Amino acid sequence: MRTQDLMLMRYIIAAVWLVTGVLSMGVFPQRKSLELLGQVGLNGDVALIGLYGSASLDILLGLLTLAHPSRQLWRAQATLILAYSFIIILLMLKHKTPY
């Protein structure tokens, strides 16, 4: 793969993390975010810490993607995506409605 293609992919991955973090910081209505966190058992101050902590982590991963790409970073990103996915799956299973 060409160096230019790798750079473009790195910028795109960084943009995804950065945009996700910024949206979670307040562009997306905080009330709705806190409602979603409440559905997985996070309420009150713990939910706020979870919301802003995960948003900050997303932004950090975006910045690190631009400044210090590495295999460790890719592993950390994959681990976080798996954790987010696991939480979403649990949430979906909890609210599954029979057909």
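On a predicted model such as this, the values are computed, not experimentally measured, just so you know.

Engineer: How would you explain the overall build of the protein chain if you had to name every residue and give the values?
Structural biologist: Looking only at helices and strands, one finds four helices and zero strands in the protein chain. In sequence order, the protein chain lays out its α and β elements as α-α-α-α. Across its three principal directions, the C-alpha atoms of the protein chain cover 50 × 30 × 20 Å. Counting the 99 residues in the protein chain, one finds 17% classified as buried. In the protein chain, the proportion of contacts linking residues at least 24 apart, taken out of those at least 6 apart, comes to 68%. When the accessible area of the protein chain is evaluated, it comes to approximately 7300 Å², of which 71% is carbon and sulfur surface. Distance between charge centres in the protein chain, computed from 8 positive and 4 negative side chains, equals 9 Å.

Engineer: Please give an account of the confidence of the model for the protein chain that cites residues and values.
Structural biologist: Within the protein chain, residue pLDDT values average 90, and 95% of them lie at 70 or more. Model confidence for the protein chain, summarised as mean pLDDT per element, is weakest for helix 2 (residues 30-38) at 88 and strongest for helix 3 (residues 44-67) at 95.

Engineer: Lay out the packing of helix 1 (residues 3-27) against helix 4 (residues 71-94) with the relevant residues and their values.
Structural biologist: Put simply, helix 1 and helix 4 touch, their axes get as near as 13 Å, and they point 40 degrees apart. Classified by the angle between their axes, helix 1 and helix 4 sit oblique to one another. Classified by chirality, the crossing of helix 4 by helix 1 is left-handed. Packed against helix 1, whose contacting residues are Arg10, Ile13 and Trp17, the element helix 4 presents Trp74, Gln77, Leu80, Ile81 and Tyr84 at the interface. Here the residues of the contact of helix 1 with helix 4 sort into six nonpolar, one polar and one charged.

Engineer: Mind laying out the pattern of salt bridges, listing which residues take part and the relevant values?
Structural biologist: Scanning all chains against the criterion turns up two salt bridges. Among the salt bridges present, the one from Asp5 reaches Arg2, with a minimum N-O distance of 3.4 Å. Given the relative accessible area of 28%, Asp5 is considered partly exposed. Residue classification places Arg2 among the exposed positions, given a relative accessible area of 52%.

Engineer: An account of the environment of Leu73 is needed here, citing residue identities and associated values.
Structural biologist: Note that Leu73 resides in helix 4. In the structure, Leu73 is positioned 13 residues away from Leu60 in sequence and 11 Å away in space, judged by C-alpha atoms. Residues in contact with Leu73, not counting those within four places in the same chain, are Leu61, Leu64, Thr65 and His68.

Engineer: Any details on the side chain of Asp58? Residues and values, ideally.
Structural biologist: Here Asp58 is to be found in helix 3. Although Asp58 is buried, it makes no salt bridge; Arg10 carries the closest opposite charge, 17 Å away. With residues up to four places along the chain from it excluded, the contact list for Asp58 reads Trp17, Leu18, Thr20, Gly21, Leu80 and Tyr84.

Rules used throughout
Residues numbered from 1 in each chain as written. Predicted model: local features only at pLDDT ≥ 70, side-chain atom pairs only at ≥ 80, totals over all residues. Heavy atoms only, no water. Helix = DSSP H or I, 4+ residues; strand = E, 2+ residues; numbered from the N terminus. Buried < 20%, exposed > 50% of the residue type's maximum accessible area, 1.4 Å probe, protein only. Contact = heavy atoms within 4.5 Å. Areas by Shrake-Rupley, 256 points an atom, 1.4 Å probe, with all protein chains shown as cover. Lys, Arg positive; Asp, Glu negative; His and termini not counted. Charge placed at Lys NZ, Arg CZ, Asp CG, Glu CD. pLDDT = per-residue confidence, 0-100. Axes fitted to C-alpha atoms, helices over the stretch in contact; angles between N-to-C directions. Parallel < 35°, antiparallel > 145°, perpendicular 65-115°, else oblique. Left-handed = near helix turned anticlockwise from the far one by under 90°. Nonpolar A, V, L, I, M, F, W, Y, C, P; charged D, E, K, R; others polar. Salt bridge = Lys/Arg side-chain N within 4 Å of Asp/Glu carboxyl O.

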